Every structure is written in structure tokens, then in C-alpha cells.
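Residue-level structure breakdown
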Amino acid sequence: MGLVNPATANAGDAGTMMSEASGNFVTTKLDFLTNWARSNSLWPMPFGTACCAIEYMATAASRFDLARFGMERQSFSPRQADVFICAGRVPFKLAPVLRRIWDQMPQPKWCISMGACASTGGIFDNYTIVQGIDTIIPVDVYVPGCPPRPEGLLYGITLLQKKIRGESFTDELIREEKLVGADGLFLPAERVDELSEPFGNSVHQTRSSW
Amino acid sequence: MSTRTLELTLATSGADAAGVATRVPLRARPEGRYDEDFGAEHMLVNIGPQHPATHGVLRLVVELEGETVKRCIPHIGYLHTGFEKLGEYRQYNQIIPLTDRTDYLSAMANNVGLALAVEKLMGIEITERCRVLRVIACEMNRIISHLVWLGTTGIDLGAYTPFLWSFQERERIYNLQESWTGARLTTSLTRVGGMMADIPEGWEAGLREFCRTFPSTLKEVDTMFSRNAIWIGRTQGVGVLTREEAINWSLSGPMLRASGVDYDVRKDRPYLGYEDYDFDVPIGEHGDIYDRYTVRLEEMWQSTRILEQALDRLRPGPINVSDPRLILPPKSRAMSDMEAMIFHFKQVMEGIKPPVGEAYFGVENPKGELGYYFVSDGTAKPVRWRIRPPSFINLSSLPKMCEGALLSDVIAINASVDIVMGEVDR
Amino acid sequence: MVISSVAALRERWGDAVERVTESCGDTIVYLRRAEAHDILAWLRDTTGQEFNYLTDVTAVEYRDPERALELVYQLRSLGRREDLRVKVALEKSEPLEVRSVYDLWHGADWLEREVYDMFGITFAGHPDLRRILMWETYAEGFPLRKDFPLRGHFSRAEQTRQALAANPEAHYSLEELSIADAFGELPKDMQERLARGERGVVK
């Protein structure tokens, strides 16, 4: 398992980054077994910050019940967790904490970005909110909503399960740790600026008075 | 429904074998009782910001001597969202969705507070039906906020089941909130001069049904906790704040009332017609966690009383003031009538413009006194929007309460403050 | 409706009460900076005033750059059920410094820290004036000032870089570091800044 730095990886080399090993009958059966086991027993690490955390708690409570999806044990220690669910807005002060916790999770790990704020910064396009946690950590599933309904989060979880079932352990790159680069960023600087650019109504909001 | 106050006869007499009162604040206990042999070296332990028991992203750095806390230093700001800065770039009605997200456990109550503040700034008198509906919204949200507090405090102290009970009750209120506003949590209920929508058919019956069955859940909680030896042992005498300290630290809400101070904004500076409702405000005595628990439990009872009275008071009528410069006309008229179209255009493009001035309005939120302070320069966006955050100010007394407590008491005390980090950090 | 305290204030303090206005039914009193702390103490302690509850401390900067910053105190007398708003105008040409009212109301502890963090007004006599909402070494400025743009001064990439570079463990205050004897484990630049006497106060 290697360590890849996406901040410096050249996106144009996509062709050469495909795995060399190919699957066979044994590996596909093993894949099926591992993926089935992994997807049905995902232990979430609820990184709940704001309103989405309340909807997360409602999803975990009796009406919507995360336990029936295998997420019985909420693991508040990242060392024992599989899925990092970022529920809520992330200010820049919290960003190093989030990165640290993501780094502390052992592979295999996945990330669900729950809510608009975790996915893109949401309605808070200002000096203090990270404009999407994908500028800091790699995200597998984005669940939109402000906050997403529990059914929405459950759909996101089932999407993640589907993604996991499509994985193969012959793919060497899939379990690589994507670290923060030497320049101190997870994605290239232009990419971060591009992702954080205001769009839609947000473009007009900088006028403070009419 | 008759007045109901918790009548407790405790299983313990309140004094130990020597006749000394056991309900004594931990700080008053003689030194050395907990930290005799553990030497002089102090440990610095970091709790949070990611921790299941800190009720959000709160970071506590505690200096421990053995198991006793010498100092507790809270660090906040891990959820700072810049609401007040954002408010300067929004029209007054556009600020309402922002208020959902500060104290997200009682979004409607925040919405009401904001609308009342802007209406004070503009000198608007809302309709009677609007007033009653807003009382209903506030009291419903008091119940759901206290239910979250109950569930999470139970978990912190080791009792997991009430969490499920309280969230089940919350789902019933969420159903009502969703059928009224379309959203379970981020409701954006009010508008300046009125509400976003009237309650739908059958909604009143739904709320009456809730009020009928909710007290049985409260009774179950009461049975489980109020005379429970573990609960009493962990909450009585812990985290004590005296009356003078509570006032000096500017506490508000159940934190202040549990310390014996009779200040409830609904009684002292009534709004929305609260002076006409028949309800009691529970006041505690000892200022410890147990009193905060009983005050909040009793407040949920009293909120149910208010809800039933409000439902009886509800009469058909308009929910919005009939000022076309404030309230958007119905879409059908905006599309067909020139004048209505102009009013629509002006409100959406320019926004409503209050006169030059400023106003502070405090409401009794479940966490405490939530205040909104607006400064207007006559334009559509405020010069300054200040949220007076009850949780922020209540939390600042945490170091005081934790002095001399055990580490596990720190968790219990933190739970009893009933903070919501969205409001603490804004 | 101007409350009765105003007359007593004027009588006792004369010119230190710069002016009195009213807005939407609230009484607002403007005090001179030098005597503000003493007047607030008088308001708290005098019989007949008894403003024992500090509801809020905040600041306002107006859109007109010539206008002074205003420090706003919301006071309440719990016993007499009355509210009073007290303001201290701080001209931008002078250092933004006032005396802290922590000794009068402990509730001012975090409230004043927040005003410092958001506006840059320093409070002399405050026991621990550090940034509270932003991180202690936040370098972009004071967010609620009108010359601070909504999205901050730095680019998003730069903000993200600074955020990720912050070692979560380095966010201990001097008080905490002295307890933990952990000065040696801090990053070099933070050691230098602390040695220079910086306590998260951005100049």
C-alpha cells in the first residue's frame, strides 16, 4: 500500500494509474465476501458539529434506526471506525482537527459528507467556513440537504454500501492514504480556489447595503 | 389541566450518618478528601473538540490533581460561522433562515425572536392569530429543546434509554413542524409582520393529541430519574452556583432559575401576550444539577399547559399584517394586478427598510434569554445584527462550577448547562 | 420612554453623561470613556439603580467610516425590572481601549473577549484577553470590522493552508502550558512568539 499525495499527483497521468493486477475467480469471490462484510458492518465515526448532527442523532434513534444498516456501534474513537460521517459545518478552526481525526482512522475507511455545509460550505460563504470538506479530506458520498432528512442520509449510506460492494482488493490504489502535501494543502491551490468560488445567489451577497 | 409541580419525598433524608447535610456543594467539602495521596503533580487533560460527551465541538482543558479538577479552561470557536457578519449582507427576511441554524434545537423559537426584534424596530403590531401561533411555536420548541437536553444528559450520566424516548417524542413534534413549514428542523417559520404560512387542516388535532399523550412520557422519565439513587448521587450538590454568582455571571434560563433567581422573560418583560396565559415558572433552590433537571422537567409540563391554552385561544383570522409593503402579495395577485406586482418586486429586490434606529428584543428561549439587537441605518440590510447568546454566557460559568469537582462531574456539569455550540460560537 | 435613572445619572455625573437618546422605547445613555467604568459601578451599586444584571456587551461599527465605534452595554435591574443601554463612543483615531467591567460582572468575561476578537477593542484589566472565537494566532484581522471583507483577506487556498498547518495541540494558552510543562514541544515559531510576550493578541 503506497502513500499518494494528490496535491502533487498529475491528473493527466490517469492512464498510467490503473492497477496492473487483474482479477480472477478466487479474487472476485473474496472481494464479494469482504465487501459484503464491510458494507454491512460499517461503524460510523460521527463527526457531528451542527444541525446535521441532530438529524444524524434522529437517524440513529428509534424511528429511522441506523442499527438495521449495521451501524449499531457509533464509534467515537476514530481508531475503531470505518466511516467518517461529517455532519455539519466545519470552520477553519476545526479543519486541522478534522484532518487529524481522518488521518487517525485506519484503512479501510470511507467518508460521507452529510449536509450542504460539509459538501460545499452551504449557505455560509464567508471568512470562517471551509467550503467543502473535500478540500481537506477525500469524500466518497455527498448527501445534500440542509439538513438532509434521515431518509436522505440513509440513502447516502446505501449508496456508500453500493460503492463498497463494487470495490476490489486487486485495485492497489483504492486503499492508499491521501495525505496533506508538502505545500500544506490536500488539493492543489487552484483547485481549492476553484471549488470555493461563489456561485448562484452567493455571487451577489458581497454588497453589504443597498 | 391543573397545576402540577413535582412533589418529591426523597428516599434519603438528606443527611448522612453524622447528621451532616449531604447536599453540600463539592467546593465546600474539606480539602484533601479526594486528593490525599496523589502527590503534587498536576495533569493537563484535553477533552474534545471531538468527543461524544461535549455536546458539540467544545474543547475543555482540565488541570487535574488526581481525579479532582483544579481548573477547567473551555475553548470554543470550533463552530464559529460568522452569523453576525453574514447578517450585515442579508435583508431582514433573509436573516430568518440564519436564525434556524444558531440554536438548531429550537429553530422556531429563534425565528419568532428575530421577527419580534425587527417588528419592534419597525413599530409593527402583529395580528392576534399570529401572536397565538408564535406562542405555540415557542412552547413546542421549548419542549423539543428540553427533550434533547434530557436525552443527551441521560447518555452522559449513563442512562441510554431516555434518549430514545425523548427522540421518539421529538419525532412527533417534527411531524407537526414539517406539516406546518415543510422542514423538520430548519423551519424559517416567521416573516417580518407575520408567518410563512398558516397551520394546515388537522394540525390542531395533531398538537392536541401530542399534549394529551406527552405527559405520560414525562411521568416515565420522572419515575426513572427523580428518585433514582445513582441520578441523585451524581447530580445533587454538583456544579453548584449560588444566587449571587448566577446573577453576576449573567446566567439566564433554567440555569439562573435553578439557583433561585426568579427571572423569566415571559413574566418579567412579557411578549406575545404571555401575561394572559396561566402558567408557573419553576424556581430551584440549591443551584446544582439536580435542580436544573427538575426545573427543566417542570418547564416541559408547564409548556404543555401553555400549548393547550393557546390552542383554545386560537381563532380564525389573518396571520400577516395587512401592509403591502411588508408582506408579499399572493402569487395569483402578483401575476395579475399591477400594484401587487410592484410591491412584490420592491420587497424581493430591495427588501423591507426599517427606519433609522436600534432595538434590542429578548425572548425566553429554552436555553435562556435570547436577545437580538439590531442597528439600522434605514437601508434594507442591518448595520449590526447582534445575537445575545444564552448558551455562550451560561457556558462561561463552567470553570467556576467545575472547581473542585471530579472529572466525571465535569461531564455532568457540562451537560447541565444545556449548550448548543451553534449558538455559543455563532 | 426615558427611564428615571437618567435624571439621577445626570445629576451625579454631569458631563460624563454625553447624551441620552431613545429608540423604539429603549433608553440609551452615552458615557465618556474615562468615567465609564465608574459610572457602571455606580449603576450597579447605588440604591434606586441596582443594575445588577449585565445582559450583554457588544460593539457596533457604522458604515460611515468617520463615525466612532460604539461599545454597547445592555444592563438590567432584576429587582426594579428595568433595562438600560449604555454606550461608550470610541473614536477610531484613538487607541480602542476601555477598562474592563469584569470586576463588576463576571459575565463580562467571555463577552469582552468576543468584542476583542471581533472588533479589536482591548479591555484593560480583563484577566485573560485572548481571542475566543477565532484561533489565537488568527492573522487576518478583526472580522466584524467594516473594512474586513465577508470572505476574509486571504484566498481560500491560503486560508485552508493556514488552517491545516495549525497543529491542534499547539492551541494551548500560556496558562495551560505552564501547567503542563510542555513549552518545549511547541512549534518553533510559537515558542518565539510566546517568548516575545504575545498571547494571541494580534497587533
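Residues numbered from 1 in each chain as written. Chains lettered and ligands numbered in written order. Predicted model: local features only at pLDDT ≥ 70, side-chain atom pairs only at ≥ 80, totals over all residues.

**Some points on the interface of chain A and chain B**
Operational definition: What counts as a contact is two residues whose backbone-derived C-beta atoms lie within 7 Å of each other. Here a helix means four or more residues in a row that DSSP labels H or I, a strand means two or more in a row labelled E, and each is numbered from the N terminus. Residue classes follow a fixed rule: Ala, Val, Leu, Ile, Met, Phe, Trp, Tyr, Cys and Pro count as nonpolar, while Asp, Glu, Lys and Arg count as charged, and any other residue, Gly among them, counts as polar.
Between chain A and chain B, the residue contacts involve 31 residues of the former and 31 residues of the latter. Broken down by element, the side of chain A that touches chain B gets its largest block of residues, five residues, from helix α2 (residues 51-60) of chain A. For the side of chain A that touches chain B, the class distribution of residues is 18 nonpolar, eight polar and five charged.

**With respect to the environment of A:V180**
Position of A:V180 relative to the elements: it lies in the loop between β6 (177-178) and α6 (189-196). Not counting the four nearest positions on each side in its chain, A:V180 is found in contact with A:R99, A:L185, A:F186 and C:L164.

**Concerning unusual backbone geometry**
Let me state the cut-off plainly: Neighbour counting defines burial: a residue surrounded by 20 or more other C-beta atoms within 10 Å of its own C-beta is buried, one with 12 or fewer is exposed, and intermediate counts give partly exposed, using backbone-placed C-beta atoms.
For the bond running from A:Q107 to A:P108, omega is -10°, close enough to zero to count as cis. By secondary structure assignment, the location of A:P108 is in the loop between α3 (95-104) and β4 (110-114). Between A:C146 and the following residue, A:P147, the backbone shows a cis peptide bond with an omega angle of -10°. If you check the backbone angles, B:S188 has positive phi at about 50° while not being a glycine. Structurally, the position occupied by B:S188 is in the loop between α5 (161-181) and β4 (190-191). On the basis of neighbour count, B:S188 is assigned to the buried category, with 20 C-beta atoms found within 10 Å. The phi dihedral of B:S250 is positive, around 60°, even though this residue is not glycine. If you trace the backbone, B:S250 turns up in the loop between α8 (243-248) and α9 (254-258).

**With respect to the pairing of strand β6 (residues 357-365) of chain B**
A regular strand places its side chains on the two faces of the sheet in alternate fashion. All names here are of chain B. In plain terms, the rule: In this description, strands pair whenever DSSP reports at least two bridges between them.
With eight of its nine residues buried, β6 lies for the most part within the structure. Sheet topology note: the β6/strand β7 (residues 368-376) ladder contains nine bridges and is antiparallel. Bridged to A359 within β7 is F374. Hairpin remark: β6 followed by β7, antiparallel, with two residues in the connecting loop.

**Here we look at the domain arrangement of chain C**
Residue and element names in this part refer to chain C. Where we set the bar: By convention here, the domain bounds are inherited from an automatic or database domain assignment.
For chain C, the assigned domains read domain 1 (1-132) and domain 2 (134-203). If you look at the interface, domain 1 gives eight residues, while domain 2 gives twelve residues. Here the side of domain 1 that touches domain 2 is composed, by residue class, of two nonpolar, one polar and five charged.

**So, the nonpolar core**
Defined as follows: By definition, a nonpolar core groups buried Ala, Val, Leu, Ile, Met, Phe, Trp, Tyr and Cys residues that connect through C-beta atoms lying within 7 Å of each other.
Judged by nonpolar contacts, the single largest core of 222 residues is most densely connected at A:F84, A:I85, A:C86, A:L98, A:M114 and B:I413. For this core, the two domains that each supply at least three residues are domain 1 (1-132) and domain 2 (134-203) of chain C. Residues contacting A:F84, with those up to four places away along its chain left out, are A:M45, A:F47, A:W102, A:M105, A:K109 and A:C111.

**Things to note about the sheet that holds strand β3 (residues 53-60) of chain C**
Residues and elements named next belong to chain C. Stated formally: Angles shown run from 0 to 180 degrees and are taken between the N-to-C directions of axes, each axis being a line fitted to C-alpha atoms and, for helices, limited to the stretch in contact.
What the five strands build is an open sheet, ordered β1-β2-β5-β4-β3; its pairing is mixed. Either end of the sheet is taken by a strand with one partner, and the two such strands are β1 (17-23) and β3. Going across the sheet, the axis of each strand differs from the next one's by a mean of 20°, ignoring polarity. Against the sheet, helix α1 (residues 5-13) touches β1, β2 (26-31) and β5 (82-90), its axis set at about 170° to β1. Helix-sheet contacts for helix α3 (residues 108-119) involve β3 and β4 (69-77), and the interaxial angle to β3 is about 5°.

**Some details on the confidence of the model for chain A**
The condition that has to hold: The score called pLDDT rates the predictor's confidence residue by residue, from a low of 0 to a high of 100.
Of the residues in chain A, 84% have a pLDDT of 70 or more, and the chain-wide mean is 84. Contacts of residues 10-20 of chain A to residues separated by more than four positions or lying in other chains number five contacts, the stretch itself having pLDDT below 50.

**So, the pairing of β2(C)**
Residue and element names in this part refer to chain C. Looking at chain direction, β1 and β2 are connected through six bridges and run antiparallel. Looking at the pairing, V20 lines up with V29 of β2. As consecutive antiparallel partners, β1 and β2 are separated by two residues, and within that stretch C24 has a phi angle of approximately 55°, a positive value. Here β2 pairs with β5 via four bridges, running parallel. Directly across from V29, in β5, lies its bridge partner V86.

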